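The lines below spell out each chain.
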Amino acid sequence: MKIAVVGATGATGRRVVKHALAQGHFVTAVARHPERLASADRLSLVRGDVLSLAGLTGALDGVEAVISCIGPEKNLSPGKLMSVGVANILAECKRANVRRFIMQSGIGLSDGRELSWLSRFVVRISGRIFTAAVTDKAVAERMTQETDMEWVIVRPVALQDKPAKGHYTAGPLARVAVLVPLSFDDCADCLLRAATDKPSWIGKIVNVGS
Ligand SMILES: NC(=O)c1ccc[n+]([C@@H]2O[C@H](COP(=O)([O-])OP(=O)(O)OC[C@H]3O[C@@H](n4cnc5c(N)ncnc54)[C@H](OP(=O)(O)O)[C@@H]3O)[C@@H](O)[C@H]2O)c1
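Only a predicted model underlies this, so the values are computations on that prediction, with no experimental measurement involved.

Running from N to C, helix H3 (residues 81–95) and helix H5 (residues 131–146) point in directions that differ by 20 degrees, and their axes come no closer than 7 Å. Put simply, H3 runs roughly parallel to H5. In this structure, H3 contributes Leu81, Met82, Ser83, Val86, Ala87 and Leu90 to the contact, and H5 contributes Asp136, Lys137, Val139, Ala140, Met143 and Thr144. Looking at the contact of H3 with H5 residue by residue, the class counts come to eight nonpolar, two polar and two charged.

Now the structure itself:
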C-alpha cells in the first residue's frame, strides 16, 4: 500500500515508518524536518508543517492511507496543533482523495466507562492537569469522526521506549491498563494495522495498551 505518516520524525512516527517499510509498503514521511530521517527504498521524504495548509499541498498525492502521529511539544500549553493540524491534514486528504485516515490520539480522551475504576480515576486526574491538550485533541477527534473518509482514532496509553511485546490489547472500548506503559513499537504496529487491515475498526475509536 501507499501510506503517508505525518509527524514522521516523532517517537511514534519513526516507528510507524520503520514498520511500514519492513512490511513492504511505499511510505511518504511528512515532517517539518524530513532530513532527520535516513533515506530508504520505497521511502519518500516530504517537508510539511501541518499548521499551514498551503505547505501540505501535494504531500499526500497518490497515498491510500494517512497516519497522523503529530503531537504538541508541551501538553500544558499545546496551542492548537491538534485541532488546526488535523483539520489541515483532513483537507489535504480530501483534495488528494485519500481513502483512510488514522489519528493517533490518547487514552486521556476516554470518558473512562470501559476502564477499571483505577484507570478511570487516572484518566480523570490527568484530564484535569492537561485540560488544554485534551480539549484541543477532542476537537481533532470530532473532525476526524465527521469526515466522509474511512477513519480510525487510536487512543494509546502512555508510551515508552522499550522492546515491543508483539502482543497487546487493542480494539473499540478495549479495557486497557492505563498505568502500564506500551512500547512505541507496539503502538506503531497498531496504527499500521488500523491503516492497512482491520475493516472492523473503521469508524471506531480503538484503545491500545496492555
Ligand atoms: N508519548 C506518549 O506517551 C503518548 C501517549 C498517548 C498518546 N500520545 C499522543 O500520540 C501522538 C504522538 O506522540 P509521540 O510521543 O510520538 O510524539 P512526539 O515524539 O512528540 O512527536 C510529535 C511529532 O509531531 C510533529 N509536529 C509537531 N508540530 C508539527 C507541525 N506543526 N507540523 C508537522 N509536524 C509537527 C513533531 O515534529 P518535529 O520532529 O519537527 O518536532 C513530531 O514528529 C501525540 O498526539 C501524543 O499526544 C503520546
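Once that is clear, we can look at H5. Helix length check: H5 (16 residues) gives 23 Å between terminal C-alpha atoms against 22 Å at 1.5 Å per residue, within 8%. Taken residue by residue, H5 has Ala133, Asp136, Lys137, Ala140, Glu141 and Thr144 as its buried positions. On an axial view of H5, the arc spanned by its buried residues comes to 140 degrees, and they lie on one face.

What follows concerns empty space enclosed by the protein. Counted under the stated rule, the structure contains one cavity of 30 Å³ or more. Size it by volume and the largest cavity reaches roughly 30 Å³. The wall of the largest cavity is formed by Lys162, Lys165, Pro181, Leu182, Ser183, Asp186 and Ser210. Residue composition of the lining of the largest cavity, grouped by class: two nonpolar, two polar and three charged.

Attention shifts here to unusual backbone geometry. Despite not being glycine, Arg42 has its phi angle at roughly 65 degrees, a positive value. Mapped onto the fold, Arg42 is located in the loop between strand S2 (26–31) and strand S3 (43–47). In this structure, Asn97 takes a positive phi of about 60 degrees despite not being glycine. Within the secondary structure, Asn97 sits in the loop between H3 and strand S5 (100–104).

Attention now goes to the site of the ligand. Around the ligand lies a shell of 26 residues, among which Thr9, Thr12, Asp49, Ile70 and Lys137 are the nearest. Residue Ala11 places a main-chain N or O atom 2.8 Å away from an oxygen atom belonging to the ligand. Between the ligand and the protein, one listed contact pairs an oxygen atom with a backbone N or O atom of Leu159 at 2.8 Å. Notes on the ligand: free accessible area 910 Å², of which the protein chains cover 81%. A molecule is said to occupy a pocket when more than half its atoms come within 2 Å of that pocket's grid points, and by this definition the ligand occupies the largest pocket. Of all the secondary structure elements, the ones that give two or more residues to the shell around the ligand are helix H1 (11–22) and H3. Its residues placed into classes, the shell around the ligand shows twelve nonpolar, ten polar and four charged.

What follows is about the layout of surface pockets. The calculated volume of the largest pocket comes to roughly 1200 Å³. Along its surface, the largest pocket is lined by 49 residues, and Ile70, Gly71, Pro72, Asn75 and Lys137 are the ones closest to its centre. Those elements giving two or more residues to the lining of the largest pocket turn out to be H1, S2, H3, helix H4 (117–129) and H5. Here the residues of the lining of the largest pocket sort into 28 nonpolar, 15 polar and six charged.

This brings us to the packing of H1 against helix H6 (residues 184–196). In contact at an axis separation of 8 Å, H1 and H6 are set at 60 degrees when each is read in the N-to-C sense. As summarised for this structure, H1 and H6 are arranged oblique, according to the angle between their axes. As H1 packs across H6, the resulting crossing turns out to be right-handed. Contact residues: H1 offers Ala11, Thr12, Arg15, Val16, Lys18, His19 and Ala20, while H6 offers Phe184, Asp185, Cys187, Ala188, Asp189, Leu191 and Leu192. By residue class, the composition of the contact of H1 with H6 is eight nonpolar, two polar and four charged.

Two side chains carrying opposite charge are able to pair once their charged atoms lie near each other. All told, the structure shown has twelve salt bridges when counted by the stated rule. Its salt-bridge partner being Arg47, residue Glu35 comes within 3.2 Å of it at the nearest N-O pair. With Glu35 in the loop between S2 and S3 and Arg47 in strand S3, this residue pair connects regions lying twelve residues apart in the sequence. For Arg47, a relative accessible area of 52% corresponds to the exposed category. Residue Arg155 is joined to Glu141 by a salt bridge in which the shortest nitrogen-to-oxygen separation is 2.7 Å.

Cut-off values and rules
Residues numbered from 1 in each chain as written. Predicted model: local features only at pLDDT ≥ 70, side-chain atom pairs only at ≥ 80, totals over all residues. Heavy atoms only, no water. Axes fitted to C-alpha atoms, helices over the stretch in contact; angles between N-to-C directions. Helix = DSSP H or I, 4+ residues; strand = E, 2+ residues; numbered from the N terminus. Parallel < 35°, antiparallel > 145°, perpendicular 65-115°, else oblique. Contact = heavy atoms within 4.5 Å. Nonpolar A, V, L, I, M, F, W, Y, C, P; charged D, E, K, R; others polar. Expected span 1.5 Å × (residues − 1). Buried < 20%, exposed > 50% of the residue type's maximum accessible area, 1.4 Å probe, protein only. Arc of directions from axis to C-beta. 1 Å grid on protein atoms, 1.4 Å probe; cavity = no way out; pocket = protein on both sides within 12 Å on 5 of 7 lines; lining within 4 Å. Points joined across faces, edges and corners; volume = space filled by probe spheres on them. Near = heavy atom within 4 Å. Polar contact = N/O pair within 3.5 Å; in protein donor to acceptor, adjacent residues only side chain to side chain. Areas by Shrake-Rupley, 256 points an atom, 1.4 Å probe, with all protein chains shown as cover. Sits in = over half its atoms within 2 Å of the grid points. Left-handed = near helix turned anticlockwise from the far one by under 90°. Salt bridge = Lys/Arg side-chain N within 4 Å of Asp/Glu carboxyl O.

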